[in-house]
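Here's the letter readout for the chains.
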Amino acid sequence: MKLANGVNLHVIRETKFKTIRIMVRLREELSRENIAKRVIISNLWETTNAAYPTAQAFSSRLSELYGTSFSTAVNKKGSQHLLSIHMSLVNPKFVDVDTLAGAVDFMHKALFSPDKNVAVFQREKTNLINYLKAMNEDRSYYASRQLATLFFTDENQALPGVATVELLENETAEAVFNYYAELLNHNLIDIFVLGDVEKTEVVRLFQTFDFKDRQGHSDIFYKQEIKDYQEKIEDKEVQQSILQMAFAQPATYGSSDYMTLQVMNGLFGGFAHSKLFMNVREKAGLAYYASSAFDSFTGLLRVNAGIDAGNYQQARALILEQLQAMRSGDFTAQEVEQTKIMLKNSYFMSLDSSSNLIEQAFIHEVLPELYIDETTFLAELEAVTKEDIMRLAQSLTLQAQYFMKGEVHAEEDL
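Counting from 1, residues in each chain are numbered in the order their sequence is written. Given that the model is predicted, a residue must reach a pLDDT of at least 70 before its local features are reported, and side-chain atom pairs must reach 80 or more before they are shown or counted; all residues, however, enter totals for whole chains, interfaces and linings. Excluding hydrogens and water, the side-chain values take into account all heavy atoms of the structure.

A.B. asks: With reference to specific residues and values, describe the packing of aromatic side chains.
C.D. replies: Put simply, two rings from Phe, Tyr or Trp (the six-membered ring, in Trp's case) pair if the centres are within 6.5 Å, and we call them stacked under 30 degrees between planes, edge-to-face over 60, tilted for the rest. Inspection of the entire model under this criterion finds 20 aromatic pairs. Both rings, one in phenylalanine 112 and one in phenylalanine 209, keep their centres 5.9 Å apart while their planes meet at 80°; by these two values the pair is edge-to-face. With a gap of 97 residues between them, phenylalanine 112 in helix α3 (residues 99-112) and phenylalanine 209 in the loop between α9 (199-206) and β7 (230-235) connect regions that are remote in the sequence. Using a 1.4 Å probe on the protein chains alone, a residue whose accessible area is under 20% of its type maximum counts as buried, one over 50% counts as exposed, and one in between counts as partly exposed. Residue phenylalanine 112 is classed as partly exposed on the basis of its relative accessible area, which comes to 27%. Among the residues examined, phenylalanine 209 registers a relative accessible area of 5% and is labelled buried. Geometrically, the ring pair formed by phenylalanine 209 and phenylalanine 211 is tilted, given 6.0 Å between the ring centres and 40° between the ring planes. Members of the aromatic cluster, joined through ring pairs, are Tyr52, Phe58, Phe70 and Phe106. Here the basic side chain of arginine 25 rests over the ring of phenylalanine 362, its NZ or CZ set 4.6 Å away from the ring centre. Here, a charge over a ring is recorded when the distance from Lys NZ or Arg CZ to the ring centre is within 6 Å and its angle to the ring normal is within 35 degrees. The residue whose ring lies beneath lysine 236 is tyrosine 142, and the NZ or CZ to ring-centre distance is 4.4 Å. Going along the chain from the N terminus, every DSSP run of H or I of four or more residues is numbered as a helix, and every run of E of two or more is numbered as a strand.

As structure tokens, then:
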């Protein structure tokens, strides 16, 4: 149902869950100008608002609603930045309070009555800066940031979803609160309510939200041309070195090769029976860990390995050998079948998660013509052949590499 142009309400009636989940998601095109503002707003939402201006009043109201939870999240999906509010509450059928009406009212106050206290703003900005400084001390996070900068040609796409210390430091309360009105009036908004609920009641509650019509950036896929290979080696005082490699791959969500990508990645480095895990870590003992993961909204496939600095050349060569083995068909029908079984198991497990069901509903809203339902998922997974996997593996192009070079250790078993 449309609450306004560009603002959609989705009611997902699912009786197997005793709780009700609400998600409000605001999205716009990734931009260096706005990303830090959005992250600060996320933190402000989570602490106070004008109706509940202290942490005690904020938490007390949620406690009155039988421990309703309220949290926020920021992340990227393809070319877009997502700013989400999540609430989880006891179904009012089981208690003596209308928790649903109370939660929707709380959501309304959070969105339309933000706390514009400058001292609160400064506190949350400082907390975020300290948090990101600590995050940058996490070597894996730091390595991933470096790899993204090398891989992506668009500096906006290379930004982490939580912004950067530098961008946060430049924000002011005036700039953020001026942007807040723009966010509410121009972001595309999707509201999801999942649980044992009546659609008419949910619609009635959310119709009090005074959203204006808007037209936002709706294309979610990020695409870039194949570019010259980029590499960076950086010396760090760390015990364990990190090698990350970024490959461009052509398959996107919902495309004809999407399920092939799932199987290929599972065989290459996605599961414990994969080539990277079995051959680089287990047999050769050249890595503490070795895996691969893909993003079907940006065309990135990343290999991540923790190694000893003295094994760099050997480990890198062996990782590339595993990709060559995928290209030449050096894998068995049994390994393909095992990968398909594990992908099926992961898929069915996701159906028992209310948050995953909401994410699936979000994809259905954003990409209705490409959405993969259960029947399609199982049929297309089963149809993936060895030749499909070889063909897709051949299309992978190494675009970037980051190596965090730590101490060289004496030879030891990994």
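Continuing now.
A.B. asks: Pulling in residues and values, what's your account of the packing of helix α11 (residues 275-283) against helix α12 (residues 312-328)?
C.D. replies: To define axes, lines are fitted to C-alpha atoms, for helices over the stretch in contact only, and angles between the resulting N-to-C directions are given on a 0 to 180 degree scale. Packing of α11 against α12 brings their axes to within 10 Å, and their N-to-C directions diverge by 145°. Of the two elements, α11 crosses α12, and the hand of that crossing is right-handed. Contacts between α11 and α12 involve Lys275, Leu276, Asn279 and Val280 from the first element and Leu318, Ile319, Gln322, Ala325 and Met326 from the second. Each residue gets one of three labels, nonpolar for Ala, Val, Leu, Ile, Met, Phe, Trp, Tyr, Cys and Pro, charged for Asp, Glu, Lys and Arg, and polar for the others, Gly among them. For the contact of α11 with α12, a count of residues per class yields six nonpolar, two polar and one charged. Working rule for handedness: look at the near helix, and if it is turned counterclockwise from the far one by less than a right angle, call the crossing left-handed; if clockwise, right-handed. In what follows, residue pairs with any heavy atoms lying within 4.5 Å of each other are defined as contacts.

A.B. asks: Account for helix α8 (residues 173-186), naming residues and giving values.
C.D. replies: Take the residue count of a helix, subtract one, and multiply by 1.5 Å to get its expected span. Its 14 residues place the ends of α8 20 Å apart at the C-alpha level, agreeing with the 20 Å of an ideal helix rising 1.5 Å per residue. Residues of α8 that are buried: Ala173, Val176, Phe177, Tyr179, Tyr180, Leu183 and Leu184. One side of α8 carries all its buried residues, which in axial view fall inside an arc of 160°. Summarising the geometry of α8, the exposed residues directed more than 90 degrees from the buried face are Glu174 and Asn178. Packed against the buried residues of α8 are β3 (19-29), α1 (35-45), β5 (80-90), α3, α4 (118-136) and β6 (188-195). This arc is built from the directions going out from the helix axis to the C-beta atoms.

A.B. asks: How would you sum up the pairing of strand β9 (residues 289-295)? Please name residues and give values.
C.D. replies: One ladder, built from seven bridges, connects β9 with strand β10 (residues 300-307); its direction is antiparallel. Opposite alanine 293, over in β10, you have arginine 302 as the bridge partner. Only when DSSP finds a minimum of two bridges between them are two strands counted as paired. Here β9 folds back onto β10 in antiparallel fashion, the turn holding four residues, of which glycine 299 has a positive phi close to 80°.

A.B. asks: Before we move on, can you summarise the sheet that holds β5 with the specific residues and values?
C.D. replies: The sheet built from six strands is open, its strands ordered β1-β2-β6-β3-β5-β4 with mixed pairing. Sheet topology places β1 (2-4) and β4 (69-77) at the edges, where each strand pairs with a single neighbour. Each strand axis lies, on average, 20° off the axis of its neighbour in the sheet, ignoring direction. Bridging between β4 and β5 involves nine bridges; their strand directions are antiparallel. Paired with valine 74 across the strands is leucine 83, a residue of β5. Each of β3, β5 and β6 touches α8; the most contacted strand, β3, lies at about 105° to it. Sitting on the sheet, α9 is in contact with β1, β2 (7-13), β3 and β6, with an inclination near 150° to β2.

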